[in-house]
Amino acid sequence: MTGTGPHNPLSSRLRALRPAAFGADPSGERWERIKRSPNFSDGAFQNPVGARTRPSGGSMIEFAKIYFRKEARARRSPVGHVPLHATTLADLAKPPASGLRLTWMGHSSVLAEIDGRRVLFDPVWGERCSPFPFAGPKRLHPVPVPLAELGPVDVVVISHDHYDHLDLPSIRALASTDTIFAAPLGVGAHLEHWGVPADRLRELDWNESAQVAGLRLTATPARHFCGRGIRNQQHTLWASWAVAGPEHRVYHSGDTGYFPGFKDIGAEHGPFDATMIQIGAYSEYWPDIHMTPAEGMRAHLDLQGGEPSGAMLPIHWGTFNLAPHPWAEPGEGTVAAAAAEGARVALPRPGEPFEPTAERVPSELWWRAAATAPAHGWAASGDKGSSPEVAPTA
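Residues numbered from 1 in each chain as written. Predicted model: local features only at pLDDT ≥ 70, side-chain atom pairs only at ≥ 80, totals over all residues. Heavy atoms only, no water.

**Looking at the overall build of the protein**
Stated formally: Strands are runs of DSSP state E lasting at least two residues, helices are runs of H or I lasting at least four, and both sets are numbered from the N terminus onward. Per-residue accessibility, obtained with a 1.4 Å probe over protein chains only, is compared with the maximum for each type, and a residue is labelled buried under 20%, exposed over 50%, and partly exposed between these values. Here, two residues are considered to be in contact whenever any of their heavy atoms come within 4.5 Å of each other. Surface exposure here means Shrake-Rupley accessible area, sampled with a 1.4 Å probe, where a residue is shielded only by the protein chains that are shown.
Secondary structure assignment for the protein yields ten helices and 16 strands. Taking all 394 residues of the protein together, the buried fraction comes to 57%. Contacts in the protein between residues at least 24 apart in sequence constitute 68% of all its contacts with a sequence separation of at least 6. Carbon and sulfur atoms provide 54% of the accessible area of the protein, an area that totals close to 16000 Å².

**Observations concerning helix 8 (residues 261-269)**
Where we set the bar: Directions are taken from the helix axis to each C-beta atom, and the arc is the one they span.
Every buried residue belonging to helix 8 is among G261, F262, I265, G266 and H269, and all of these are buried. For helix 8, the angular spread of buried residues about the axis comes to 145 degrees, placing them on one side. Turned more than 90 degrees off the buried face of helix 8, the exposed positions are D264, A267 and E268.

**Topic: the nonpolar core**
Applied cut-off: By nonpolar core is meant a set of buried Ala, Val, Leu, Ile, Met, Phe, Trp, Tyr and Cys residues that side-chain atoms within 4.5 Å join together.
Counting 69 residues, the largest nonpolar core has V119, F121, L217, W241 and W367 as its most contacted members. Among the elements that line this core, the one with the most residues is helix 9 (residues 293-303), at four residues. With residues up to four places along the chain from it excluded, the contact list for F121 reads S108, S109, V110, A112, V157, W241, V243, V250, H252 and M276. In terms of nonpolar packing, the next biggest core, distinct from the first, is built from 29 residues, F22, V153, V156 and F320 among them.

**Focus on the packing of helix 9 against helix 10 (residues 329-341)**
What counts is decided by this rule: Angles run from 0 to 180 degrees between N-to-C directions of axes, and those axes are lines fitted to C-alpha atoms, restricted for helices to the stretch in contact. Throughout, the term roughly parallel applies to angles under 35 degrees, roughly antiparallel to angles over 145, roughly perpendicular to angles from 65 to 115, and oblique to all others. Here a crossing is taken to be left-handed if its near helix is turned anticlockwise relative to the far helix by less than a right angle, and right-handed if that turn runs clockwise. Put simply, Ala, Val, Leu, Ile, Met, Phe, Trp, Tyr, Cys and Pro go in the nonpolar bin, Asp, Glu, Lys and Arg in the charged bin, and everything else, Gly too, in the polar bin.
Relative orientation of the contacting elements helix 9 and helix 10 amounts to 45 degrees, with a least axis distance of 8 Å. Here helix 10 runs oblique to helix 9, going by the angle between their axes. The two elements helix 9 and helix 10 cross, and the hand of that crossing is right-handed. Together, P293, A294, M297 and L301 of helix 9 and E329, P330, G333, T334, A337, A338 and E341 of helix 10 make up the contact between the two elements. When its residues are assigned to classes, the contact of helix 9 with helix 10 shows seven nonpolar, two polar and two charged.

**Quick word on the pairing of strand 9 (residues 209-212)**
For the record, the criterion: At least two bridges found by DSSP between two strands is the condition for calling them paired.
Residues A210 and V212 point to one face of strand 9 and are all buried, whereas S209 and Q211, pointing to the other face, are not buried. Across four bridges, strand 9 lies against strand 10 (residues 215-220) in antiparallel orientation. The partner of Q211 across the bridge, within strand 10, is R216. Where strand 9 hands over to strand 10, the hairpin turn is made up of two residues, of which A213 adopts a positive phi near 50 degrees.

**Some remarks on the packing of aromatic side chains**
Inclusion rule: Two aromatic rings, drawn from Phe, Tyr or Trp (for Trp, its six-membered ring), form a pair once their centres lie within 6.5 Å of each other, and the interplanar angle then sorts them: stacked below 30 degrees, edge-to-face above 60, tilted otherwise.
Per the stated rule, a full pass over the model turns up 15 aromatic pairs. Relative to W366, the ring of W104 lies with its centre 6.2 Å away and its plane at 45 degrees, an arrangement referred to as tilted. One end of the pair, W104, is in strand 3 (residues 100-106); the other, W366, is in the segment after strand 16 (353-354), with 262 residues separating them in the sequence. In this structure, W104 and W366 share a single accessibility class: buried. An aromatic cluster is defined as three or more aromatic residues linked by ring pairs; in this entry it consists of W31, F40, F45, W206 and W238.

**Some thoughts on the side chain of R101**
To keep things clear, this is the line we draw: Pairs of N or O atoms are called polar contacts if they sit within 3.5 Å, as long as, within protein, a hydrogen donor faces a hydrogen acceptor (for residues adjacent in sequence, only side-chain-to-side-chain pairs).
Tracing the sequence through the fold places R101 in strand 3. In this structure R101 comes out as buried when scored by relative accessible area, which is 7%. Here the side chain of R101 touches K94 through a polar contact of 2.6 Å, landing on its backbone oxygen. Here E113 takes part through its side chain, which lies 2.7 Å from a polar atom of the side chain of R101.

**Notes on the pattern of salt bridges**
Here is the rule we go by: By definition here, a salt bridge exists when the distance from a side-chain nitrogen of Lys or Arg to a carboxyl oxygen of Asp or Glu is within 4 Å.
Enumeration over the complete set of coordinates arrives at eleven salt bridges. We note a salt bridge from E208 to R33, for which the minimum N-O separation is 2.7 Å. Within this pair, whereas E208 is found in the loop between strand 8 (201-204) and strand 9, its partner R33 is found in helix 2 (residues 28-36), the two being separated by 175 residues in sequence. On the basis of relative accessibility, which here comes to 31%, the residue E208 falls in the partly exposed class. Exposure remark for R33: the relative accessible area of 27% places this residue in the partly exposed category. Ionic pairing is found between R223 and D288, a salt bridge with its closest N-O pair at 3.6 Å.

**Description of the environment of W206**
When you line up the elements, W206 lands in the loop between strand 8 and strand 9. On a C-alpha basis, the gap between W206 and L237 in space is 8.6 Å, while along the polypeptide they are 31 residues apart. Those residues within four positions of W206 in sequence are excluded, and the remaining contacts are N39, Q46, N47, P48, A219, T220, P221, A222, L237, W238 and A239. There is a polar contact of 2.6 Å between the side chain of W206 and the backbone oxygen of W238.

**Details of the sheet that holds strand 7 (residues 180-184)**
Strands sit in the order 8-7-6-5-4-3-16 across an open sheet of seven strands; the sheet is mixed. Strands at the two margins of the open sheet, each flanked by one partner only, are strand 8 and strand 16. Relative to strand 7, strand 6 (residues 155-157) is paired through three bridges, and the arrangement is parallel. Bridge pairing in strand 7 links V156 to F181.

Without other data, these values stay purely geometric and don't point to any function.
Written out as structure tokens, the structure is:
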């Protein structure tokens, strides 16, 4: 990549001193392509609908008071060991009977096996989602499967460049393999900076597709933002992803607030055999960029044409403490939302493979064994099938 991006000589010298985890700014033809994007205007990528990305002014002070309150902090982390599933390389080497299998590794990291191919979404195996090894949100549970034991991966898909989705040590480990990397426009600058060869990159704008190993990967819109350095210039795109194989289709939301575009994505690329939907790290202080469990269920239904079809896998929760809500609340809220809609929700432990189209999917409320119970106690659970009737925590 040659040429320069939107910076001056002084900022170039300062960038030379910054940590490797900050990544690299788009430049050269990549920067020219960004400027040509229909989603880039006024010097930044734009959301499909307006979005407030962080608290400001008085709301920031109010948020800080809530976030650092002692009793609230205690509920934001598990009080016991998070139960993991002891998946082995042998388990993953056995082909799924249905042709489709998902293994949630925690947070937004999912290994999707689709019609004989393997897709790894947002791999984060690092101890902290931070540019520094000594500070920042730390894992609340170990990785369920070492990255080296996953076996070959056909394509790594990145949703955006935030630290809890784009992890330097994980990318460097995967860069030494033969895998292809699919990422939103601009994110390839980080990947190349960390050792991914340009010929193994598939960098896409919204609604662009790439064919990889017989799969069709499409970057679809999302309502979020980007940034890894001190300043957030919105020069890398964020995306959700639709992946279609010969027989099965899946959707990964990345990070997003709710917006009407889910219906358009579903109409164009669905219905999906499984959706992987962000339901954690939400807050009233940033309501436009992360979904609550109820909004996540609404997005799932939109993607399925309004019908409770396919299986929804809740992601972006349980692994890192990133918001003021209780640790177990996203799980409880998702189960309640699924029960209200008659939708099928899969509740695997981290590391537990399951087949979304099988007769049954994981349904145990496993997080309760490691969580602080709400003051009024856990809501009564009903049928232990795919949609237990559980109310959200207060």
